[in-house]
Amino acid sequence: MLRASKELALTEQPRMSILQNCSFTLQFFNLDKIIRCFFTRENHQEQLHCISWREQTAGQLTSCQGEDNQSLMVCVCVCVCTTDLLPALGGEDVTRGFLQELLHILLGYICKSSQRSSKVLDFHHPHQLKEGLEGFSLDLPDQPETLEQILVDCRDTLKYGVKTAHPRFFNQLSSGLDLIGLAGEWLTSTANTNMFTYEVSPVFILMEEILLRKMQSIVGWSEDEGDGIFCPGGTISNLYSILVARYHFYPEVKTKGMAALPQLVLFTSEHGHYSVKKSAAVLGIGSENVVVVKCDERWVQRAQTPSVTLLQGLAPFYVNATAGTTVYGAFDPLIAIAEICHRHTLWMHVDAAWGGGLLMSKRHRMKLQGIERACSVTWNPHKMMAVPLQCSVILVKKKGLLQECNQQGAEYLFQMDKPYDVSYDTGDKSIQCGRHVDAFKLWLMWKAKGSEGFGSQVNKCLENAEYLYDQLRRRTDFELVLSSKPEHSNVCFWYIPPSLRNVPPGPDRNSRLHQVAPQIKARMMETGTVLIGYQPLGSKVNFFRCVFSNPATQQEDIDFLLEEIARLGSDL
Ligand SMILES: Cc1ncc(COP(=O)(O)O)c(C=O)c1O
C-alpha cells in the first residue's frame, strides 16, 4: 500500500540480509506500523516462518530465532494488515487509507469501462487463471495477506473480469453500471443487514413496501390488491409464482405434499424461459408436466384453449405468459391468455422479467396490455431498468397468499409480542430465511431518475434496437432472423460470410451458417473488442442476438459491432 511505503521511507529501512545463523538485531525508527518478518531459505522458495508485531515508537527487534541454524534470508517490510482496520483501536486512518485506495481502483475501472478504446474483456481460459497470472493467485493462503496485497487482488479481479458496463457489451440482458445504483449497493453492503424483520431493517422494509406498491400500481392493480417480495432473480420469481398458484388451488400441499394432489399440469410457451420447467422440477410437479404451447409466426404463444383430451386425468392450474421473451423479445397476447385463464379457472402468471421495464415507458407500455389481469408478475429491474444485479420482484395479486403459503412462524425470529406492528416482519413470506437487501438501490435510482427517467432510459434502448434493425436491413452481408420491427430491444441476425453469399438456401448452407456465429464469437473473445451472444432456436441455426439495456450504448457502438463482426468473419 502506498501509504505504508511512504512510512517506510521515514524509517531506517532494514535491508534484506543473509544470515548465517538466526540471531540478529534490526533497528527501527519512527515506526508505528506493523513490521512483518518473513524468513525464507536462500532460494526464496520456501517461506519458513512469519512473525508480525507492532512497534509504537522507534525500537528494535533482536534475536528473532529461526527454526534451525541453516542459512536464512530475512525479508523485513513495513505493512499494514487487515487487523489494523476498524474495529482496531485507532484504525480510522488505516481504514480511510484502505477505502480511498480501493475507491481509486474502482474509479479507474469504472472510467475504463466507459472508454471505447478499452477492451470489453481480457479473456483467459480457466486453467490459465487457476495457474495464476502475473502474480494473481486464486489460492487461499494460510497466513493473512497484507492490505497492499488485498488491493492488488481487487485490481486483478477486475482486470481479468468482463466489463459489463462497457458500451459494447451486448451479451446479456443485464448490463451497464448505474452509478446511483452502485452507490445503493455500496450503502446496502455497508449496512450489511437482513430483510427478514423490521427489527433489523426498519428503513429497508418500508422502502421495499413502497416499491412493491408502486410497481403494483404500474402493473395496473388497484390499491387494495397486491403483495410481493424482492427475491434473487427472475428464476426464483417464477418459482414463487408456481408455488403460490399451487397453494392457492391446493392449500393442503403445504402440509401433505404432492401425494395429496392430483397430477398437476402447467403451461408455458416454447419461447418461455427455461426457469418455468426448472421450477416445476424443483416443486415436485415434474418438468414433463409442463405443457409447451406452440408459438405463432410472430413467436408468441398461441392463445388456444388447452386441449381437454390431452389433459384427461390431469389437473391444469397455471399458465405462464411471457412479456418479452429471452431471445426474440416477443410479447405474448396477454388479453387473450387472460380470457382463457378466466374461462378455465387457471392462474395467469406474466413473466415480465425482461419486458417489465417497458411498463415505465409511456411509448411502449401498451405492449403489455392485459398484464393487469395477471394473478402474479415477475419483473426484473436488474434487466431493462439497469439496476445493479440482483434486483427482482414477484408480485402477487392476492393479498396474504405469499405469507400463508410460506409462513412457518419461527419463534426465535417472528415473535408476535414485539413492540411494533409485526406485519412489517415480512420475512416469513419468503422461502428464504435471511434475505439480501435488493430494494434500496432501486429505491435510490427511482429517487434519482423519477419514473420518467426510467421511461427515457427504456426508450433509448428501444431506439438503439430500431437503429440496429435499420442498419441490418440495409446491409447485404447480414440477414435478419425476424423481418418485422423489433418489439423489444432484442435484434436477432446472421452474418453471411463471403463464402456463403452465393450459396442457395438449403441444408448445406444451413449447416455452414451454423458454424459462423460460434467462430466469430470465439475470435471476438480473443480480441475483446465487443461481446454479443448467439444461439440456435428451433429450426433456426446459430444466430447473433443483440440486446440493449445499457444506457451507455450509442449508435456508434452499433456501427462498430457490425463492422467488427464483418471484420472477424471476413475470411469465413
Ligand atoms: C423472460 C425471462 N424470465 C426469467 C429469466 C430468469 O431471470 P434471472 O436470470 O434473473 O434468474 C430470464 C433471464 O434471462 C428471462 O429472460
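Fair warning: this is a prediction, and the values are worked out from it, not measured in the lab. (Residues numbered from 1 in each chain as written. Predicted model: local features only at pLDDT ≥ 70, side-chain atom pairs only at ≥ 80, totals over all residues.)

J.: Which residues make up the overall build of the chain, and what are the values?
T.: Regarding its fold elements, the chain presents 14 helices and 18 strands. Of all 572 residues assigned to the chain, the portion counted as buried reaches 39%. Considering only contacts in the chain between residues 6 or more positions apart, those separated by 24 or more positions represent 73%. (Helix = DSSP H or I, 4+ residues; strand = E, 2+ residues; numbered from the N terminus. Buried ≥ 20, exposed ≤ 12 C-beta atoms within 10 Å, placed from the backbone. Contact = placed C-beta atoms within 7 Å.)

J.: Could you give an account of the packing of helix α7 (residues 234-249) against helix α9 (residues 275-282), naming the residues involved and the relevant values?
T.: The N-to-C vectors of α7 and α9 enclose an angle of 55°; their axes lie 9 Å apart at closest approach. If you check the angle between α7 and α9, you find them oblique. Crossing handedness for the pair α7 and α9: right-handed. Here G234, T235, N238, L239 and I242 of α7 lie close against α9, whose contacting residues are S275, V276, K278, S279, A280 and V282. Looking at the contact of α7 with α9, its residues break down into five nonpolar, five polar and one charged. (Axes fitted to C-alpha atoms, helices over the stretch in contact; angles between N-to-C directions. Parallel < 35°, antiparallel > 145°, perpendicular 65-115°, else oblique. Left-handed = near helix turned anticlockwise from the far one by under 90°. Nonpolar A, V, L, I, M, F, W, Y, C, P; charged D, E, K, R; others polar.)

J.: Can you break down the nonpolar core residue by residue, with the values?
T.: Side chains that are nonpolar tend, in soluble globular proteins, to be buried together. By size, the foremost hydrophobic cluster in this structure holds 116 residues, and its most contacted members are L266, Y318, M348, V350, I371, L395 and F544. Counting residues in hydrophobic clusters, the runner-up holds five residues, among them V80, C81, F98 and L147. (Core = buried A, V, L, I, M, F, W, Y, C linked by C-beta atoms within 7 Å.)

J.: Quick one: what's the story with the site of the ligand, residue by residue and with numbers?
T.: G233, G234, T235, T326 and A353 are the nearest of the 14 residues found near the ligand. It is α7 that provides the largest number of residues to the shell around the ligand, a total of three residues. (Near = placed C-beta within 6 Å.)

J.: Tell me about the UniProt feature "modified residue: N6-(pyridoxal phosphate)lysine" (unreviewed entry) in the chain, and please be specific about residues and values.
T.: UniProt feature "modified residue: N6-(pyridoxal phosphate)lysine" (unreviewed entry): in the numbering of this structure it lies at K383. By secondary structure assignment, the location of K383 is in the loop between β13 (376-379) and β14 (392-396). Contact partners of K383, with chain neighbours within four places excluded, come to L173, S174, A353, W354, G357 and S549. (UniProt positions renumbered as here; feature names shortened; annotations may be inferred.)

J.: An account of the sheet that holds strand β18 (residues 540-547) is needed here, citing residue identities and associated values.
T.: Spatially, five strands are ordered β7-β17-β18-β16-β15 in an open sheet, and the strand pairing comes out mixed. With one partner strand each, in any of the chains shown, β7 (169-170) and β15 (478-480) form the two edges of the open sheet. Two elements, β15 and strand β16 (residues 490-495), share three bridges in a ladder whose sense is antiparallel. What sits directly across from L480, in β16, is F493. Of the strands in this sheet, β15, β16 and β18 are in contact with helix α12 (residues 439-474), which crosses β16 at around 25°. With respect to the sheet, helix α14 (residues 555-568) is in contact with β7, β15, β16, β17 (531-537) and β18, its orientation differing from that of β16 by roughly 25°. (Pairing = 2+ DSSP bridges.)

J.: Before we move on, could you go through α7 and cite the residues and values that matter?
T.: Compared with the 22 Å implied by 1.5 Å per residue over 16 residues, the 23 Å span of α7 between its first and last C-alpha is a close match. Counted residue by residue, α7 has 13 buried out of 16 residues, so it is predominantly covered. (Expected span 1.5 Å × (residues − 1).)

J.: I'd like a rundown of the pairing of β18, residues and numbers included.
T.: Strand residues, when the strand is regular, have side chains that alternate between the two faces of the sheet. Summarising the sheet, β16 and β18 pair through four bridges and their orientation is antiparallel. Residue pairing for β18: C492 is matched across the bridge by R545. With four bridges connecting them, β17 and β18 associate as antiparallel partners. Bridge assignment links Y534 to a residue of β18, and that residue is F544. Counting the residues that bridge the hairpin from β17 to β18 gives two residues, and of these G538 lies at a positive phi of roughly 55°.

J.: Explain the packing of helix α2 (residues 92-114) against helix α4 (residues 147-159) residue by residue, including any values.
T.: Close contact between α2 and α4 brings their axes to 10 Å; oriented N to C, the two are set at 15°. The orientation of α2 with respect to α4, classified from their angle, is roughly parallel. Taken as a pair, α2 and α4 cross one another with a handedness that is right-handed. The residues of α4 that touch α2, namely those facing F98, E101, L102, I105 and Y109, are L147, L151, C154, R155 and L158. For the contact of α2 with α4, the class distribution of residues is eight nonpolar, no polar and two charged.

J.: Can you break down the pairing of strand β11 (residues 315-322) residue by residue, with the values?
T.: Burial analysis of β11 places seven of its eight residues in the buried class, which makes it a mostly covered element. Here β11 pairs with strand β12 (residues 347-352) via five bridges, running parallel. Bridging from a neighbouring strand, A321 pairs with V350 of β12. Running through helix α10 (residues 334-344), the crossover from β11 to the neighbouring parallel element β12 is right-handed. (Right-handed = clockwise from strand over helix to strand, strands pointing away.)

J.: Give a detailed account of unusual backbone geometry, specifying residues and quantitative values.
T.: Cis geometry marks the peptide bond from L86 to P87, where omega comes out at 15°. In this fold, P87 is placed in the loop between β6 (72-78) and α2. Omega for the bond connecting L389 with Q390 falls within 30 degrees of zero, at -10°, which places this linkage in the cis form. With respect to the helices and strands, the residue Q390 is situated in the loop between β13 and β14.

J.: Go over the sheet that holds β11, please, and point to the residues and values.
T.: The seven strands are arranged β8-β14-β13-β12-β11-β9-β10 in an open sheet whose pairing can be described as mixed. In this open sheet, the two strands that pair with only one neighbour each are β8 (227-231) and β10 (290-293). When the angles between neighbouring strand axes are averaged without regard to direction, this sheet yields 20°. Sheet topology note: the β8/β14 ladder contains five bridges and is antiparallel. Along β14, the bridge assignment pairs I229 with I394. Its contacts with the sheet put helix α6 (residues 202-219) on β8, β13 and β14, and the angle it makes with β14 is roughly 65°. Sitting on the sheet, α7 is in contact with β8, β9 (264-269), β11, β12, β13 and β14, with an inclination near 20° to β14.

J.: I'd love a proper account of the environment of A338, names of residues and values included.
T.: Structurally, the position occupied by A338 is in helix α10. Taking C-alpha positions, A338 is 9.3 Å from H349, a pair spaced 11 residues apart along the chain. Non-local contacts of A338, meaning those with residues more than four positions away in its chain, are made with M348, G370 and R373.

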